[in-house]
Every structure is written in structure tokens, then in C-alpha cells.
Amino acid sequence: MVNKVKAFIIYFWLTVFLIVVLFPFIWMIITSLKPIGTGLTLTIIPRPPTLSNYKSVLTQYKFGRYFVNSLIVASIGALGATVLCTMAAFAFAKLEFPFKRPLFGMFLSVLMVPGLMFVVPQFAIVYRLGWINTYKAMIIPHLANVFGMFLLVQYMKTIPDELVDAARVDGANNWTIFLKLIVPLSGAMIATVFLLTFQFHWNNFLWQLIVATDEHMYTVPVGLAMFRSAHEELHTLKMAASAISILPITMIFIFAQRYFIEGILRGAIKG
Amino acid sequence: MVSRTSWQAYLFIIPFAIFFAVFLGYPFFYALYLSFHKVTDIYDAFNALKFVHLHNYIKLMKDVEFWWSILMSLLYGAITIPLSIFVSLILANLLHRTFSLVKLYRTGFFLPYLLDVFVVAIVWKFLYAHPYGIITQLLQRIGINIPPLLASPKTAMLSVAIAMTLKGCGFGMLLYLAGLQNIPRSLYEAASIDGAPPWKQLFYITLPMLKPITLFMVVTGIIGALSAFAEFYGMTGGGPIIRVGSHILGCTKVAGLYLFRNLESLKLGYAAAISFVLLIIALIISAVSAKLLRVEW
Amino acid sequence: MRRFIALMTVVIPFIVDAQLKVWVSYNDEEFAVFKQLVTAFEESTGIEVNVQRIPFEGQEQKILTACATRTAPDLARVDCAFLGKLAHRHALLDIDIGELADKIVPVALQSCILNGKLYGVPDQLTCVCLFYNKRLFREAGLDPNKPPATWAEFLKYAQKLTDRSKGIYGFAMRNTLWWTLPFFYSFGANFIEDNTCVLNSPEAVAALQFKVDLYRKYKVEPGAWKSGAIDPDMGFQNEKYAMVLNGPWKIKLLKTIGIDFGVAPIPAGKKGGYTTIGGTNFVIFRGTKHKHEAVEFIKFIVSKESQIKWANELGQIPVNMEAFPYVDTIRHPYLKVFLYQLQYAIARPVLADYPAIEDVANPIMEAALMGEKPVKEALELIVYKINAILQEE
């Protein structure tokens, strides 16, 4: 009985906190249901609620095309980056090799310089390679995802070394350990890195704008920026567009949640 | 010893390293090179460079506004990092179990993390607005009168920090939830047999086992704080002002805003120098944090 | 002969094989009209135009990156502040549009001239006027068809309109330099003379003092300039602020929401009711290989015919004065006020780094508004800091 009361109190506060955390999101949805031009009104409930913003977003621009572009860039980009990150992270977390720490330090240092500084030289490279206005230009420069690699290294460090040692005693080589032990055990975090890289590409406005020289190559964030012109802020449209744009990634999260949190082989470590 | 030293490890690193070298390594060194130069012709940012020695760095050292912006960024980090770690840990521990609605809660807490920072900043600006914003109105209804949160020097930074913590805590929760999976259950079982109460298990088993993730939160938190831009651009624009001696400074004028300003002014060499000072500061703080947490990295 | 003409129409496009690359950041409505103009240009000259529409947000970075890597288009549409940056850094070619220059609204054209050379041609022109809420005027017992003509009258109106118990304020303002210029100008102050900032004149002090007094002394202004406050746009749309300064871009939205509002010229100060201008200009980048065609394109866009179409379809101020008599003021009644106000407007200086100037001026003006610094002292500091920036270039 005491436990039940305790549980109730905990989940009561958890729910209150959830509402607080979700409030901006809820507000975003409410604003997106207000008639165009009234995004700044102080009324809380839209009168009358309208779906016209969603309709405008989906029909006014080539939104379908932007969506497909974004989907291609984000999924291939995320897949590639996740594979590269996972491999490199394994080496840093579980292997010893010469220059390990300086190399890792160098990778991390780059993470600490604001990305805005890199835009011009990155563009110069992409231009020299003749990749302007291609998916390649949007994907390849961001394949080396230091943030994701760092995250995976830190996570793989929480995997007990004894497991790796045991496998080695059984005669497994590095590839076997990587594929059969580390990857399954890191499933949750690998999925998370995939999701984060996907999200990074999904929101990567500036770079995608700069390398696209044709409206057919525009992506969702570039399309969304069209809702803002010099003076007017079309808040209602912007909020509707934001709501639409997070839809795919939310779906991925909801449907693949067990991979993110529960891991693929949950029972692997009973210790 | 986990494994023997082996050159084979490079096979795992090389694919990553190649893309890194071309698309991050080269720009990194270009930026470093740029920080000792002045761009003289915007139509040729690669060749028309004038070598100015340490001029950019010397100017930076004397720049009051720059150091102030660093200070504000650090203050921002000092609020958001511990707060997010604290909130994320609590959430992860409460949601690290199975009950019918657990997925709903996890999704709910994580959802705001997926939203664009700038969009969230605009929404929060609206929620905080005085006197018609929803927060002011709600608090007024229950009899609490609050000052304009974003316009008062005492509360502006805190308000932005709270808004962003609420947005980001779901990510920390996710990391800790994943980390909790890797703690061998035998450790807890052994502790229970020894009669250790749950809070002791938390402090002596859970937290130490999660240290690498905490370090990740701290390091990326510092990087995030030093380059934070969109939340301040959307919510405060750097204000409100405060007088410090003879200087008039913005209470939320963080390093990210300062860097953006200089890039906007096309002071590319100077902006590069700013970036490298930020890098050094981030490295120092990260190293100190690793030492304090006693985690190797 | 007929065969010859037929042959020529086939051949000409191959002779003139220039393809102009143009980047523009128009909104939906403007872009639709712009596309029609482009088609008309292509048909009349045979020059092919490749238009890329880019979002307003992020356009500076896109253009700058393109310049740094020599991949800029032939032409782009940029705002006044950005034009200054580009012109000072030699990214632009000077433009000769011949006699047409005399037909362009002088203040707009002057805002593109640096060292006697023309670096851009305005394609869109805006200026700031006084917007007032007619319903609130009636409620306060004021005549909604008689907006204030002088700042003294304006203050009286604002006091009548303010009803703090209802949260209604007579006026709401912004604190940025650009939005403060109409005050400075109409009080008779100058902004920059001979590359030196002169905002410390007695007239400038009086102008800023007036703004400070509106907030601190008369309390007819709610502090809409503070971070996180209900800004003038939001407050005016919600009928909380009775008067605000605004531009023609806001008219359509206010009509859509159904606000009963009027537009009036800037109230007169010592000098008269002067305003500041804004807008965008077409510029030609240094790397172009089609300068001649680019100039032709610009000439076409600012021609009388194009501008009449532009003004009437979009309800915007035409940049070509020859189009003024053709503006449909019945369809666009507010435009009449803006056209009048343009006679009392002051050009923007072409500066190397206008945003940096805003960046130093705004916090200091905020300190004056907060009562943390006397107005005179604040302006001296602003002048000192702005001059440091101006000399740096």
C-alpha cells in the first residue's frame, strides 16, 4: 500500500513535469492551428481552429520534393556516419594502439571549434570536387561525425572489459569482437547516434542552402526558411511547418524505441 | 589489460579518419591559418590574405566584450550542465523500469529535443512575454507577481537556461537509460545481500558506472554553452543591459553571439582567433572535468 | 525577307547565349510578379535568366560563401546594409544605368552610392510611417481621421490614449538605431556627415530625450523595446498599443486580421516629419562575365512599366518616379501616405559594417532608456564608438 502511494506520488509529479516539458510543443501546435496572420495574438485557444496552415505548407511550395530530398540526405548520411563512428569508436574504446590519445584529442578539438568557421573551406572543397547541387555535397562532408563517435566511445567504455577479454581468450579476433560483441551490446547507442545524425541532417539549414543552387535540391529546413521574409514573420505557417518537419523523426523514435533504450540484446549482460 | 597494442586498430579508424581529414581537418587548419591573417579581399578569401602575426589574438586579449561574452557563456554552462545532468539522471532512474505507460513518458520527454532550437526559443519568448505571456498570466492567477523574466538582468540568463534544459533533458535521459542497461545486475544483487539501501546503491554503483556518460554530458555541455547562439538570438538578442564599471554590457551576450557578430562583420581572421580561444577554454575545462570525475579519456 | 526574320529568331538565341544567374529572396507574392517580369524580359531581349529563389534568412552567408569561392551569381537582390558591406569590400561592380538614374527615387539611389559610384539599383523601397489604431482613437475621444501632425500633438494624443488599467498604451517603440532615426531626423539631427557620426548634436539629444521621456516621464510607452516584452508589432496586432512606427510591408497582414487602422506621416519635429528608408537593391558581382546583360536586366526591372505593375499588383512603393502617377491609390489607399512621406526621407549612408554600428548603439541607447545613463552622455559614447568603427575601415 505504501509502495502504491509512493508510486502514485512519483508518477503524479512525473506527469506534471512532462506537461511542463511538452508545453512549448503544445504551444507550437496551438499556434499552428490559428488562422494565418494571427500567430502573435494573445488568445490561447485558436478561434476557430484551422488546418489552413498545414494546407499552405504542403501545397504552396514543392514541399513533397523537399521532403524526399531531406529523406535521402538524412537517411544515407545517418547510415554512413553511424557505420564510420561505430568502427572508430570501437578502436578508441576497446583497443590499444600507437598515437591513440593524440588522435582522439585531435578529433575532439575539432568538435570544440564552432562549425560556422568551417563553412567556407568545406564549400571550397565540395566545389573543387564538382559536387555542387548534389546529394553527395550534403552528405559526405558530414560523414565524420565526431560528436557521435565521442558518444559511442563513452558508451562502449561502460561495457565491461571482462567480456572483451573473455572473447579474446576464446580466440576471437578484433572483427569478431566488434561484430559479435560490441555492436550488439551498443545497439541502443548506435541507434541513438543514427537518430541524432538523422536529426542533424534534417535540421542542417545553412549547409544545405549553401550547396544547393537549384530549388529542386532544396531540403525541408531550406523550404521552411521561405516562410520568413524580410519583415513579416508568418508564425502560424512556421509552426505548422515545424510540426510537419518533426513528424518523420518522431515516428522513427516511437517505432524503434525499444532499440534506443532497451538495446537489442538486453539479456547479454547478466554479469 | 584489455587488449594488446595493435596496428590493426587503424583499420577501424581509417575510414572515419579519411573523411575527417578532408572535411574537418583541412578546414580546421585553414581556420588556424586564417586566425593569423586578415582577409583583404572578400572575393578571394583563400589567396588575398595579409599576415598579421598575433594581431588578432592580441586584440582579442584586450577586448572587454569578448571576455564578458566568455563569462556569460560559462555562466550559461554552469547553470545548464549540472541542471540537465541532475534532471536527466532522475528521469532515467524513474523510467528505468517497465510499466504500462513508460514508453509514452520516454517519448514525451525526448520529443522537445528533436525540435529546432530557434523555433523553441521563439515559443519560449512568447511564453515568457510580459505581461501577457502565459507564464506571467498563470502565475498571476494564483497570486504570484513576477517581474519580466527576460528583461531583468537577474533572471534573463536563468530563464533561457531553464527553457533550454527542459528542451534538452530528454536527451540526457536517453543516454543514461542506455547506460543503465550496461550495469551488471549482479552488482546490485550483491549490494542488496550486503544490506545496502537503495540510495547507497545509487551512489556507489549506479553513478560511478555512468561516469563516462556524465563526462560526455559535461564536455558536450561546455562545447554547447560556448557556441550557444540560436536560443539567445531568438529569446533575448543579448539583452538586457547591465552596467559594469564604465562598460554597458548585455546580460545574455554570449560568446556564440559575439562570434556570429564578427563573422557577420566579415572579420574572418578575428572570428577564427575567437574560435581558437574558445577551443582552448573548452579543452581546459574538459580536462579539468575529466580529472574531477576521475575518468580517463 | 520573311524567311530571313524566321531564321533570325532561331539564330538569335544562339548568338546571345548569355545566361544570367540571379538570386532573389522575394516572398511568395513578390516572386510571382517577379517571375512575370523575368519572362517578359526574356521574351523581349532573348537573354535567358536563371532565377534561384533563396530564403531571406541565411542569404548573407550563402552569398558571402559564394563570393569567397568565386561562385557568386551575376546578380543578386540584397538589402541596403548588406550592399554596403559588399561594396566596401570590392565584391561589386559599379553600374551605369544612364538617364534612368534620374527617374529613380533619389533617396533610394543615394543609398547605393559609394565614392561617387553606383553599386546597386533599388528594386524595392520602403519607409517608415506612423500607424495608429482608429478604434482606440475613437474610444479615447480622438478623431480617427486626424492623426497627430507634430510630436507635441503626438504626445498629447498618446497621453489620452494610454489607459494603464486596461494595459493600453498610446505608443510603443523599438530601441534599435534604424527605428530611432525617424526621431533623430525629424528633430533635425544628422546621423553621419563626412564619414563621421554626429549624433551628439543638441537636436539628437532632444530626440533621444523625447523617446526616454515617453517611457520614463510620461509613461505612455510600456517598454516594448525590452527583451522579452510584447513588441510593437505584437501589441499593435492585439490592439494594446494605439500608435507604432511601421512600414508598408505590414499593411496586408493588418488588413487580414481586421484591425481598423490608419497610416500617417511621421509627426513633425523642429525640422519636419522626416523618415528613414529601407529596401533592397540589385547588385552585380565582380566575377560576372555578362555585365552588359546584367545591366539590361536591372534597367528592365526598374523601368516605368515594370514598376507600375509591381506597385499595383503588390501595393508597394515604386522605385521609379515616373510610375508614381499610375499608382492605383484607390486599390492601395495607404500607399498615398508613403509616397508623400518619401518626399521627406533621408538616404542611408553606404557603410562598411552597419550591423556593427547598431550593435554598439543599441545597448547604450537602452541604458539611456533605463535611466542608467544621461542622454547626452549616452550619445557622446555612441558617437565615440561609432567613429571608431568608421575609422577602422
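Refer to the preceding data block for the structure.
Residues numbered from 1 in each chain as written. Chains lettered and ligands numbered in written order. Predicted model: local features only at pLDDT ≥ 70, side-chain atom pairs only at ≥ 80, totals over all residues. Heavy atoms only, no water.

Asker: What should I look at first to understand the environment of C:Thr71 in this one?
Answerer: Note that C:Thr71 resides in the loop between α3 (59-68) and β3 (75-79). Considering only alpha carbons, one finds C:Thr71 and C:Phe285, 214 residues apart in sequence, at a separation of 9.9 Å. Setting aside its immediate chain neighbours within four residues, C:Thr71 contacts A:Phe123, A:Tyr127, C:Lys21 and C:Ala66. A distance of 3.1 Å separates a polar atom in the side chain of C:Thr71 from a polar atom in the side chain of C:Thr69. (Helix = DSSP H or I, 4+ residues; strand = E, 2+ residues; numbered from the N terminus. Contact = heavy atoms within 4.5 Å. Polar contact = N/O pair within 3.5 Å; in protein donor to acceptor, adjacent residues only side chain to side chain.)

Asker: How should the environment of A:Ala78 be read in this particular structure?
Answerer: Residue and element names in this part refer to chain A. Positionally, Ala-78 belongs in helix α3 (residues 63-94). Here the alpha-carbon distance between Ala-78 and Asn-145, two residues 67 residues apart in the chain, equals 9.4 Å. Those residues in contact with Ala-78 that lie beyond four places of it in its chain are Val-73, Phe-194, Thr-197, Phe-198 and His-201.

Asker: What should I look at first to understand the interface of chain A and chain B in this one?
Answerer: When the parts of a complex come together, some accessible area is lost, and that lost area is often taken as the interface size. Residue-level contacts link 103 residues of chain A with 92 residues of chain B. When chain A packs against chain B, the two sides together hide about 9,300 Å² of surface, and 78% of this comes from carbon and sulfur. Linking chain A with chain B are zero salt bridges. Linking chain A to chain B there are 10 residue pairs in polar contact (both at pLDDT 80 or more). Looking at the side of chain A that touches chain B residue by residue, the class counts come to 75 nonpolar, 17 polar and 11 charged. (Buried area = accessible area lost by both parts, 1.4 Å probe. Salt bridge = Lys/Arg side-chain N within 4 Å of Asp/Glu carboxyl O. Nonpolar A, V, L, I, M, F, W, Y, C, P; charged D, E, K, R; others polar.)

Asker: Mind showing me how you'd approach the pairing of strand β7 (residues 129-133) of chain C here?
Answerer: The two faces of a sheet get side chains in turn, since along a regular strand they alternate between them. All names here are of chain C. Most of β7 is tucked away: five of the five residues are buried. By the bridge criterion, four bridges tie β7 to strand β11 (residues 241-246) in an arrangement that is antiparallel. Counted as the bridge partner of Phe-131 is Val-244 from β11. Relative to strand β12 (residues 261-264), β7 is paired through four bridges, and the arrangement is antiparallel. Bridge pairing links Phe-131 to Val-263 in β12. (Buried < 20%, exposed > 50% of the residue type's maximum accessible area, 1.4 Å probe, protein only. Pairing = 2+ DSSP bridges.)

Shape descriptors only; they carry no functional weight alone.
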